[in-house]
Amino acid sequence: MKKALITGISGQDGSYLTELLLEKGYQVAGIVRCGSRDEAGLQRISRNIEQIQLFEADITDLPSLTGVLDEARPDEIYNLASQSHVSRSFDEPFLTVQTAGIGALNLFEAVRVTLPTARVYQASSSEMYGNSVDADGFQRETTPMEPASPYACSKLFAYNIGRNYRSAYKLFISNGILFNHESPRRDPSFVTSKICREAARIKQGLADKLELGNVDARRDWGHARDYVRAMWMILQHDRPDDFVCSTGITHSVRQVAEYVFGKLEIDTAKLSVNPDLLRPEDRHTPKGDSSKIRQVLGWKPEYTFESMLDEMIEYWMDEIKRPAPGSHAVV
């Protein structure tokens, strides 16, 4: 029976990956931040909590990571821990660099010293490309990387230091360069969940309008359930490598909002743009070429853009209930 260790296990990707690995017969262990064992912090993995071994450690603290690896002895390690909100990275660049960048280095060093036979998946990001695009409009493994946020810069460091440790120390470290992926478990601070949640609140009479920033920003959106399957497939490959994971299709934030509003029969006049929500620097039209992972590993997405949003709409409509007189909405 294989054993997997997931950093960031309580996040969107960590929860879906946990379910996938349990279905495949793995023993699953996870790292959570010290003091985050409360019910809210573990909500996404609550349904499987009895089947998971949890360790308290800090991705920014090397000794705590080596201690976990020495005790858990996993065959596979999935590094999903970081401050992953792009907009927040402009406000908290030091935290972002420490978790997404130095945190990855800490993990690689802990593996080198403690468990060099383990296979490591590093959660890299399409944000690393910034606005660098190949002539055909796609971003792929060979596209030059020009990060446009502190988050992207941190992820690019982690990507490169992982490749360095792979080459210098012969460690099995693979990068999954994942484009945007969403689900009902996505935090509402991310735009797709924000749209679905606020549209549900408008539909149920709990809000009057939805404010967004750059509604013309385009992204290549897929479903997190498809993308964690890609993570697992990447570590089953016979050698460490780097793979872009994407749908190859872009949609604008405006299109997301219009689809959700249309599904719920809400007047788009309730959608407005707030300049205060614009980022200092934003990417233009990122679109991923995932032909390598499709050809080499046989991966392909099962969700469409529409089926992903349908699932998110249904979740938020069920999650948000109209309050009784004198009470507040439950979100």
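To start, this report covers the structure provided alongside it.

Thresholds, definitions, all that
Residues numbered from 1 in each chain as written. Predicted model: local features only at pLDDT ≥ 70, side-chain atom pairs only at ≥ 80, totals over all residues. Heavy atoms only, no water. Helix = DSSP H or I, 4+ residues; strand = E, 2+ residues; numbered from the N terminus. Rg over C-alpha atoms; globule rule 2.2 N^0.38 Å. Buried < 20%, exposed > 50% of the residue type's maximum accessible area, 1.4 Å probe, protein only. Contact = heavy atoms within 4.5 Å. Pairing = 2+ DSSP bridges. Axes fitted to C-alpha atoms, helices over the stretch in contact; angles between N-to-C directions. Parallel < 35°, antiparallel > 145°, perpendicular 65-115°, else oblique. Left-handed = near helix turned anticlockwise from the far one by under 90°. Nonpolar A, V, L, I, M, F, W, Y, C, P; charged D, E, K, R; others polar. 1 Å grid on protein atoms, 1.4 Å probe; cavity = no way out; pocket = protein on both sides within 12 Å on 5 of 7 lines; lining within 4 Å. Points joined across faces, edges and corners; volume = space filled by probe spheres on them. Salt bridge = Lys/Arg side-chain N within 4 Å of Asp/Glu carboxyl O. Phe/Tyr/Trp six-rings, centres within 6.5 Å; stacked < 30°, edge-to-face > 60°. Lys NZ or Arg CZ within 6 Å of the ring centre and 35° of its normal. Expected span 1.5 Å × (residues − 1). Polar contact = N/O pair within 3.5 Å; in protein donor to acceptor, adjacent residues only side chain to side chain. Core = buried A, V, L, I, M, F, W, Y, C linked by side-chain atoms within 4.5 Å.

1. Here's the deal with the overall build of the protein
Part 1 of the reasoning: Counting its secondary structure elements, the protein contains 10 helices and 13 strands.
Part 2 of the reasoning: Taken over C-alpha atoms, the radius of gyration comes to 20 Å for the protein, in line with the 20 Å a tight globule of 331 residues would show.
Part 3 of the reasoning: Dimensions of the protein along its principal axes, counting C-alpha atoms only, are 55 × 50 × 35 Å.
Part 4 of the reasoning: Counting all 331 residues of the protein, 54% fall into the buried class.
Part 5 of the reasoning: Taking contacts inside the protein between residues at least 6 apart in sequence as the whole, the part at least 24 apart equals 78%.

2. Let's talk about the sheet that holds strand β1 (residues 3-7)
Part 1 of the reasoning: Strand order in the open sheet made by the 7 strands is β3-β2-β1-β4-β5-β6-β11, with parallel pairing throughout. Of all the strands in the sheet, the pair left with one neighbour each is β3 (52-56) and β11 (242-245). Direction aside, the axes of adjacent strands within the sheet are offset by 20° on average.
Part 2 of the reasoning: Pairing between strand β4 (residues 76-79) and strand β5 (residues 119-125): 4 bridges, direction parallel.

3. Side note on the environment of L65
Part 1 of the reasoning: Along the chain, the position of L65 falls in helix α2 (residues 62-72).
Part 2 of the reasoning: What makes L65 buried here is its relative accessible area of 2%.
Part 3 of the reasoning: L65 sits 10 residues away from F55 along the chain, and the two C-alpha atoms are 9.6 Å apart.
Part 4 of the reasoning: Apart from the residues within four sequence positions on either side, L65 is in contact with I31, D58, I59, G103, N106, L107 and A110.

4. What about the packing of helix α6 (residues 191-203) against helix α10 (residues 305-319)?
Part 1 of the reasoning: Relative to each other, α6 and α10 sit at 45°, their axes nearing to 9 Å. Regarding the angle of α6 to α10, the classification is oblique. In this structure, the crossing between α6 and α10 has a hand that is right-handed. Between α6 and α10, the contacting residues are T192, S193, C196, R197, A200 and K203 on the first element and L309, M312, I313, W316 and M317 on the second.
Part 2 of the reasoning: The residue makeup of the contact of α6 with α10, split by class, is 7 nonpolar, 2 polar and 2 charged.

5. Description of the layout of surface pockets
Part 1 of the reasoning: By volume, the second largest pocket amounts to about 160 Å³.
Part 2 of the reasoning: As for the second largest pocket, its lining consists of 14 residues, and the residues nearest its centre are T247, I249, Y303, T304 and F305.
Part 3 of the reasoning: Residue assignment for the lining of the second largest pocket shows that the elements contributing at least two residues are β10 (222-223), α7 (224-236) and α10.
Part 4 of the reasoning: Here the residues of the lining of the second largest pocket sort into 7 nonpolar, 5 polar and 2 charged.

6. Quick notes on the pattern of salt bridges
Part 1 of the reasoning: One pass over the structure, following the stated rule, counts 22 salt bridges.
Part 2 of the reasoning: With a shortest N-O distance of 3.1 Å, R201 and E198 are connected by a salt bridge. With R201 and E198 both in helix α6 and 3 residues apart, this pair spans about one turn of that helix.
Part 3 of the reasoning: Taking the shortest distance from any N to any O, the salt bridge between K263 and D310 comes out at 3.8 Å. A residue pair is termed long-range when its members are at least 10 positions apart, and K263 in helix α8 (residues 253-263) and D310 in helix α10 qualify at 47 residues.
Part 4 of the reasoning: Judged by its relative accessible area of 47%, K263 is partly exposed.
Part 5 of the reasoning: Looking at D310, the relative accessible area reads 29%, which means it is partly exposed.
Part 6 of the reasoning: A cluster of three or more residues bridged by salt bridges with shared partners is formed by E19, R47, R185 and R225.

7. Quick look at the packing of aromatic side chains
Part 1 of the reasoning: In this structure the tally under the stated criterion is 7 aromatic pairs.
Part 2 of the reasoning: A connected cluster of aromatic rings, assembled from ring pairs, spans F108, Y165 and Y169.
Part 3 of the reasoning: The residue whose ring lies beneath R112 is Y169, and the NZ or CZ to ring-centre distance is 5.0 Å.
Part 4 of the reasoning: The lysine or arginine in question, R185, covers the ring of Y16, its NZ or CZ lying 3.9 Å from the ring centre.

8. Overview of helix α5 (residues 150-169)
Part 1 of the reasoning: Taking 1.5 Å of rise per residue, 20 residues should cover 28 Å, and α5 covers 28 Å from first to last C-alpha, within 8% of that figure.
Part 2 of the reasoning: Buried within α5 we find P150, Y151, A152, S154, K155, L156, A158, Y159, I161, G162, Y165 and R166.
Part 3 of the reasoning: Buried positions along α5 lie against α3 (86-91), α4 (93-114), β5, β6 (172-178) and β11.
Part 4 of the reasoning: Positive backbone phi, at 60°, marks K170, one or two positions downstream of α5.

9. Overview of the side chain of S89
Part 1 of the reasoning: Locating S89 in the fold gives a position in helix α3.
Part 2 of the reasoning: Of note is the side chain of S89, whose polar atom sits 3.2 Å from the backbone nitrogen of Y151.
Part 3 of the reasoning: Apart from the residues lying within four places of it in its own chain, the contact partners of S89 are Q83, T96, S149, P150 and Y151.

10. Quick word on the nonpolar core
Part 1 of the reasoning: Counting residues in hydrophobic clusters, the biggest one holds 35 residues, and the most contacted among them are L17, L21, Y78 and Y121.
Part 2 of the reasoning: Looking at this core element by element, the count peaks at 9 residues for α7.
Part 3 of the reasoning: Every residue in contact with L17, bar those within four places of it in the chain, is listed here: I6, Y78, L80, V228 and M231.
Part 4 of the reasoning: A207, F261, I266 and I313 belong to the second-largest nonpolar core, a separate cluster that totals 26 residues.

On their own, these measurements won't tell you what the molecule is for.
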